[in-house]
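Survey of secondary and tertiary structure
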Amino acid sequence: FRALAWMAFYFLPLHCVAFNNLRGYCVYGSAPANSSLVCWRTALGPTEAFEMAERTGFSRRRTFVGAFLLPSLYFLLYVVFMTVYVGEEHEHLGFIFIYGVGHLIIIFVAESIGPQNFPPPLNPRYSQKMGPATLGVAVMGFFVVTTAYSVAKRFSGPWLGTLMPAMLGAYEIGCLLILEGTFVREFVQEKSIRRAYHHSNQ
C-alpha cells in the first residue's frame, strides 16, 4: 500500500507528467499534448519520443530505452525505497531517505544513462541550464526546507508551525528568482536560442 500510494500521489503526477513535460519543453520545445491520456503523451513520453526520433533519424531502440525502460527503472527504485524493511523500530525508510536520497540516486542514473537514449536537444546549453533551474532547485529545495523544518520542530516544539507559511513563501520566491535569472540570461538575451525555440512559447 505504501508503494501504491507513492505511485498515485507522487510518481505518476510528478515523474510521469510534470517532470516529463518540463524536460520536454526545455529540451525540444514540445508542449504537452491536449489528450486525456496525458501520462502517455507527455513531452518525453513514448508517443512524442518516437515521433521526435523519427523526425531526427534517431535510433528507435535507444528511444525505447529512454521512453520505457528508464521510467520503469525509476519506478522500481522507488518501490524498493518504499518497501524495504529496516527493522522493528522504524520498519520502513522515512521521507528523508525516500525523497532526498532517492532523488539523488535517480538524478545520477538519469544524467548518466538518459542523454544517450533520447534525440539530441535543440540547444544543449539552454536545456542544461534550464533543467536544473526548473526542476533541481524546486525538488531539492523542497527537500531541504521540509527536512530543516522537521529537525527544527523536534527542538522548538509545535509552535514552529506558525512560521511554515513564511518558510514556504521564501522557498517559492527563491526558486522563482533563480528560475527568472536563468531564463533571462539563457533565453531572453540569446537570439540564437530564441530562434531555435521559435515554435514554442518558452
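Heads up: these notes are all about the structure in this document. Please read these numbers as outputs of a predicted model, since none were measured by experiment. (Residues numbered from 1 in each chain as written. Predicted model: local features only at pLDDT ≥ 70, side-chain atom pairs only at ≥ 80, totals over all residues. Heavy atoms only, no water.)

Some words on the overall build of the protein
A count of helical and extended segments in the protein gives seven helices and two strands. Start at the N end of the protein and walk to the C end: the helices and strands fall as α-α-α-β-β-α-α-α-α. In terms of principal-axis extent, the alpha carbons of the protein reach across some 55 × 40 × 30 Å. Across the 202 residues of the protein, 38% fall into the buried class. Put simply, of all contacts in the protein between residues at least 6 apart along the chain, 65% involve residues at least 24 apart. In the structure as shown, the protein presents an accessible area of about 12000 Å², 68% of it carried by carbon and sulfur atoms. Counting 15 positive and 11 negative side-chain charges, the protein places the averaged centre of each group 9 Å from the other. (Helix = DSSP H or I, 4+ residues; strand = E, 2+ residues; numbered from the N terminus. Buried < 20%, exposed > 50% of the residue type's maximum accessible area, 1.4 Å probe, protein only. Contact = heavy atoms within 4.5 Å. Areas by Shrake-Rupley, 256 points an atom, 1.4 Å probe, with all protein chains shown as cover. Lys, Arg positive; Asp, Glu negative; His and termini not counted. Charge placed at Lys NZ, Arg CZ, Asp CG, Glu CD.)

Some thoughts on the packing of helix α1 (residues 2-28) against helix α4 (residues 95-113)
Relative orientation of the contacting elements α1 and α4 amounts to 45°, with a least axis distance of 14 Å. When the axis of α1 is compared with that of α4, the two are oblique. Relative to α4, α1 is oriented so that their crossing is right-handed. Taking contact as the criterion, the partners of R2, W6, Y10, H15 and F19 in α1 are, on α4, I98, Y99, H103 and I106. Considered class by class, the residues forming the contact of α1 with α4 number six nonpolar, two polar and one charged. (Axes fitted to C-alpha atoms, helices over the stretch in contact; angles between N-to-C directions. Parallel < 35°, antiparallel > 145°, perpendicular 65-115°, else oblique. Left-handed = near helix turned anticlockwise from the far one by under 90°. Nonpolar A, V, L, I, M, F, W, Y, C, P; charged D, E, K, R; others polar.)

Remarks on helix α3 (residues 60-83)
In an α-helix, one turn spans 3.6 residues; hence positions three or four apart end up facing the same way. Taking 1.5 Å of rise per residue, the 24 residues of α3 would be expected to cover 34 Å, and the 34 Å separating its terminal C-alpha atoms lies within 8% of that figure. Taking the largest bend as the criterion, α3 deviates by roughly 35°, centred on L69, and proline P71 comes between one and four positions later. Where α3 is concerned, the buried positions are T63, G66, A67, L70, Y74, L77, Y78, F81 and M82. On its buried face, α3 sits against α1, α2 (46-56), β2 (91-92) and α4. The N-cap of α3, judged by a side-chain oxygen 3.3 Å from the amide nitrogen of R61 a few residues on, is S59. (Expected span 1.5 Å × (residues − 1). Bend = angle between axes of the 7 residues up to and from the residue. Polar contact = N/O pair within 3.5 Å; in protein donor to acceptor, adjacent residues only side chain to side chain.)

Observations regarding the pattern of salt bridges
Applying the stated criterion to the full structure yields three salt bridges. We note a salt bridge from E186 to R125, for which the minimum N-O separation is 2.8 Å. Here R125 lies in helix α5 (residues 124-156) and E186 lies in helix α6 (residues 164-188), a separation of 61 residues in the sequence. Residue class for E186 comes out buried when judged on its relative accessible area of 3%. For R125, a relative accessible area of 40% gives the class partly exposed. (Salt bridge = Lys/Arg side-chain N within 4 Å of Asp/Glu carboxyl O.)

Comments concerning the state of the cysteines
Going through the model one piece at a time under the given rule, you end up with zero disulfides. Unpaired in terms of disulfides, C26 finds its nearest cysteine sulfur in C175, a separation of 15 Å. Taking relative accessible area as the criterion, C26 reaches 8% and is therefore assigned buried. (Disulfide = S-S within 2.5 Å.)

Remarks on the nonpolar core
By size, the foremost hydrophobic cluster in this structure holds 21 residues, and its most contacted members are W6, Y10, Y74, Y78, I98 and Y99. In terms of residue count, α3 provides more of this core than any other element does, six residues in total. Setting aside its immediate chain neighbours within four residues, W6 contacts F11, Y78, M82, I98 and Y99. (Core = buried A, V, L, I, M, F, W, Y, C linked by side-chain atoms within 4.5 Å.)

Some remarks on α4
The terminal C-alpha atoms of α4 lie 26 Å apart, and with 19 residues this matches the ideal 27 Å at 1.5 Å per residue to within 8%. Largest kink in α4: about 25°, centred on G102. Considered for burial, the residues of α4 that qualify are I98, Y99, G100, G102, H103, I106, V109 and A110. Summarising the contacts, the buried residues of α4 are in contact with α1, α3 and α5.

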